[in-house]
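# Chain and residue survey
As a plain string of letters, each chain reads:
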Amino acid sequence: MESVKKILQGAVELAFESAGYEKELGKVTISNRPDLCDYQSNGALIGAKKYQKNPIELAEDVQKYLEGDKALSVPLFSKVEVVKPGFLNMTLSPAFLAKYCSLMAEDEKNGLDPKEGKKVLVDYGGANVAKPLHVGHLRSASIGEALKRLAIRMGNEAVGDVHLGDFGLQMGLIIGELEERGELEKDFTIGELEEIYPMASAKAKEKNPDGSLKNEEYANRAKDITVRLQKGEEKYKKVWEKIMKVSIADLKKNYDALDVHFEIWKGESDAEPYFPRLIEILEEKGLSYRSNGALVVDIAEPEDKKELPPCMILKSDGASLYATSDLGTIMDREKLYPQNWYLYVADSRQELHYTSFFRVGRKAELLPKETKLTFMGFGTMNGKDGKPFKTRDGGVLRLEKLIDEIRDSVLSRMEEGKDTGLTSEERQETAKVIALAALKYGDLSNQITKDYIFDLEKFSAFEGNTGPYILYTIVRIASILRKYAEANGESSADTATWIKNYGKNYKIQSDEEPSLLALQKQIIVFADEMNDAWKELAPHKICGYIYALANSFNAFYHNVKILGEENKEKQKNYIAHLALTWRILTDAIHVLGFSAPEKM
């Protein structure tokens, strides 16, 4: 199904061409003055200089071909005006709005069914084994999951890789501490592991008054164990495997609570077998050299605006680094499941690291030239003081704890509201669903690259641009449809089931009720908004769209009597619009990574 933007673009381009001008002048944008028109074109202003013609006259030439224009066998515009200094203002006709909405309603994909057919791997998560997920992991998880789901929604085959930090110094510290305690053979819990790492890390870093390490032997042993583990020493590998088993089970539980799901559970350790061949390739191609004992590769290019340091592949003691691991991971992926596009989601402060190993990977030809490598860097989540979000005592807040705090806040607001007939257990479960929407929407509604302030009170509010408000709108629609269904002998288990069983009996018709026309104008741009969000890797555009759609629906709801409408045909038309709005909203929030309850 062709998007509205393409239909309009085609119509305006043809009008310019028919009037004797370049069709490329027929660019169309959504009007920033919806009270005046729906869409605008400034092509006459651009073309005036080339054609040595007054822009008003040029626009009037084009206007003649747009008036009376048709699309989908109905009039496309109800009004086309030329306004100073040469804009073409276009207002869509009620007939076109209704026809386009009806076609969306008939389409299981809501008018959005692209088939890009690319293979996309999204690298996100970045959790470290034996360490709890904290608020710093939220952005990577929520953004990465949303981009993966958006890739799938746009007709691609997309998978997510958690890319665990499972082979770094933290493993040497934990294993070293266990060895010192004589507990290498012991079974342990995730709680014990999470207690050991910060203690061992602090012990290794502790300094004397003169600045020297207080426990230098302890710190060096952790480094030595890390190297020996990376070389496959059996004693340490067995302990590592136990740590992995316990940690992954806990990580899966916590990611499930976020509705974040990885198809690939690999880590840095899976890249290690590729290191020898990686070193060989870099040497064979003359890319690597020794600098102060370390193996490095120059990545600087003539067009760089600032000087970039060489990418270090091996330390002077032979230990690998993050770049080594990420390059080995590319080799692993290309061997086992090559992709058209690798999309990495991480903190924007890591941009140099990604630039470095991307360039080494290209120089070493570790992947085909046409394969895309993209780094999507995100800003930080800050507290109200503008600094990275912390607990009240200044510590790093566990993600599990943050989710609990939001759930409690939501539950408190629910209990202040009117009785919805939910049992205590149902209220608890519903609060979890709403809390997740509050958390993810609060994060995703901000532009990825920007820092933002995490405001618990604002994000959990049921009014304004929040996740709970979006869910409240969806539940409001579900409630109206449920009451209508019960009154008409069409009771169903839930809204989705009712739409599946009875939705086709309700057809969208043309109606000039102003609030309904406003709702239709939001409905019809669903495909365009999703396309733009994917093109720009911008989930915040989806949030902005569904907020506008929710506002339009609620304005419509307050302006007309839906269940009290006496004209049955008009009422059926309203119900058809409600069903389509519900479908679009639930479609969009699924892409964003959360769901809506039936009641709240």
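From a predicted model like this one, the values you see are computed outputs, not experimental measurements.

### So, the overall build of the protein
Scanning the protein from N- to C-terminus turns up 21 helices and 15 strands. Seen along its three principal axes, the alpha-carbon backbone of the protein occupies a region of about 85 × 70 × 45 Å. Each of the 600 residues in the protein was classed as buried or not, and the buried ones make up 52%. A fraction of 72% describes how many contacts in the protein between residues 6 or more apart in sequence connect residues 24 or more apart. Within the structure as shown, the protein displays about 28,200 Å² of accessible surface, and the carbon and sulfur contribution to it stands at 49%. Between the averaged position of the 83 positive side-chain charges in the protein and that of its 95 negative side-chain charges there is a distance of 1 Å.

### A look at the nonpolar core
Counting 160 residues, the largest nonpolar core has Ile 243, Tyr 255 and Leu 402 as its most contacted members. With 13 residues, the top contributor of residues to this core is helix H21 (residues 568-592). Setting aside anything within four residues of it in sequence, one finds Tyr 255 in contact with Gly 125, Ala 127, Leu 133, Ala 141, Val 162, Val 260, Phe 262 and Trp 265. Within the second largest apolar cluster, 32 residues are counted, among which are Leu 287, Leu 295, Ile 313 and Tyr 354.

### Brief notes about helix H5 (residues 138-153)
Its 16 residues give H5 an end-to-end C-alpha distance of 22 Å, which sits within 8% of 22 Å, the value for a rise of 1.5 Å per residue. Counting buried positions along H5 yields 15 of 16 residues, so the element is predominantly enclosed. Gly 155 occupies a position one or two residues after H5 and carries a positive phi of about 85°.

### As for the pairing of strand S6 (residues 87-92)
The side chains of a regular strand alternate, residue by residue, between the two faces of the sheet. Of all 6 residues in S6, 5 are buried; the element is thus mostly enclosed. Bridging between strand S2 (residues 39-41) and S6 involves 3 bridges; their strand directions are antiparallel. Bridge pairing links Gln 40 to Asn 89 in S6. Alignment of strand S5 (residues 77-83) against S6, held across 6 bridges, turns out to be antiparallel. By the bridge assignment, Phe 77 is partnered in S6 with Leu 92. The antiparallel hairpin formed by S5 and S6 contains 3 residues in its connecting segment, where Gly 86 sits at a positive phi of about 155°.

Rules and cut-offs
- Residues numbered from 1 in each chain as written.
- Predicted model: local features only at pLDDT ≥ 70, side-chain atom pairs only at ≥ 80, totals over all residues.
- Heavy atoms only, no water.
- Helix = DSSP H or I, 4+ residues; strand = E, 2+ residues; numbered from the N terminus.
- Buried < 20%, exposed > 50% of the residue type's maximum accessible area, 1.4 Å probe, protein only.
- Contact = heavy atoms within 4.5 Å.
- Areas by Shrake-Rupley, 256 points an atom, 1.4 Å probe, with all protein chains shown as cover.
- Lys, Arg positive; Asp, Glu negative; His and termini not counted.
- Charge placed at Lys NZ, Arg CZ, Asp CG, Glu CD.
- Core = buried A, V, L, I, M, F, W, Y, C linked by side-chain atoms within 4.5 Å.
- Expected span 1.5 Å × (residues − 1).
- Pairing = 2+ DSSP bridges.

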